[in-house]
Amino acid sequence: MLRRLVILLILVCPWAFATPKSYIIDTDNTAIRLSWHAFGGILSWATFSGVTGAVTLNPDNDVDDHIHVTIPVATLVASNKLLTWQLKSDMFFESERYPTIEFISSRVVDVGAGRFRVFGTLTVRNIARPVILEATVKDPHALALTLDATTAISRSAYGMDKFALVVDDRIAIAIAIQAHGVPSS
């Protein structure tokens, strides 16, 4: 009887035996790029490096999927030194008071063909707002993970509304994450 129950569970509930795959973000090969328009259409940009965090994906059960990313604001580099200083100052990110930006996923939805919609919370300057990332994973079964994601946010939603007349409120974000598998225990 027990044997039949086990076989039935295996056939009916494969999700019960699904194993999530965990990855640690490769800080040296992960980057985040912000871009926006200013002064009537001039494209401006900034990048972050030093990104840390973890990704957990379970191809059989997306309830187990999680992404947690921490971004050190001090690593911000913009297209010129003045803009880098301005972005790190209290005009925008206020890096000394708020040294990190954090993203924590609440749900990862597989939309097919290696594409995912990642729902989560982005915390900037201690202000947490929901965001949705459109992500692509090259091979979720590989030992190393490559994840590219995009989203856009309103900078004023995070208290960064200086120069509203000359700098667009919409900030596009492009994320390129490389991560390495954590050995199973």
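Relevant structure appears above.
Residues numbered from 1 in each chain as written. Predicted model: local features only at pLDDT ≥ 70, side-chain atom pairs only at ≥ 80, totals over all residues. Heavy atoms only, no water.

Colleague: I'd love a proper account of a nonpolar patch on the surface, names of residues and values included.
Modeller: Taken together, Phe39, Ile42, Phe163, Leu165 and Val166 make up a surface patch of nonpolar side chains, about 570 Å² in accessible area. Structurally, valine 166 is set in the loop between strand S10 (144-154) and strand S11 (170-181). We classify valine 166 as partly exposed; its relative accessible area is 32%. (Patch = residues over 30% accessible without salt bridge, like charges linked within 9 Å, V, L, I, M, F, W, Y side chains within 5 Å. Areas by Shrake-Rupley, 256 points an atom, 1.4 Å probe, with all protein chains shown as cover. Salt bridge = Lys/Arg side-chain N within 4 Å of Asp/Glu carboxyl O. Helix = DSSP H or I, 4+ residues; strand = E, 2+ residues; numbered from the N terminus. Buried < 20%, exposed > 50% of the residue type's maximum accessible area, 1.4 Å probe, protein only.)

Colleague: I'd like a rundown of helix H2 (residues 81-88), residues and numbers included.
Modeller: Because the α-helix completes a turn every 3.6 residues, residues three or four places apart line up on one side. Within the sequence span of H2, burial applies to Leu83, Thr84 and Leu87. Seen along its axis, H2 keeps its buried residues to an arc of 105°; they face one direction. Opposite its buried face, H2 presents the exposed residues Lys81, Leu82 and Trp85, each directed more than 90 degrees away. Contact partners of the buried residues in H2: strand S2 (31-38), strand S3 (42-48) and strand S6 (77-78). Looking at where H2 begins, the residue whose side-chain oxygen comes 3.1 Å from the main-chain nitrogen of leucine 82 is asparagine 80. (Arc of directions from axis to C-beta. Contact = heavy atoms within 4.5 Å. Polar contact = N/O pair within 3.5 Å; in protein donor to acceptor, adjacent residues only side chain to side chain.)

Colleague: I'd like a description of the pattern of salt bridges, backed by residues and values.
Modeller: Close approach of charged atoms allows side chains with opposite charge to pair. Counted under the stated rule, the structure contains 3 salt bridges. Between arginine 97 and glutamate 94 there is a salt bridge; the shortest N-O distance is 3.7 Å. Accessibility expressed as a relative area gives 16% for glutamate 94, which makes it buried. Three or more residues joined by partner-sharing salt bridges are found here, namely Glu94, Arg97 and Arg125.

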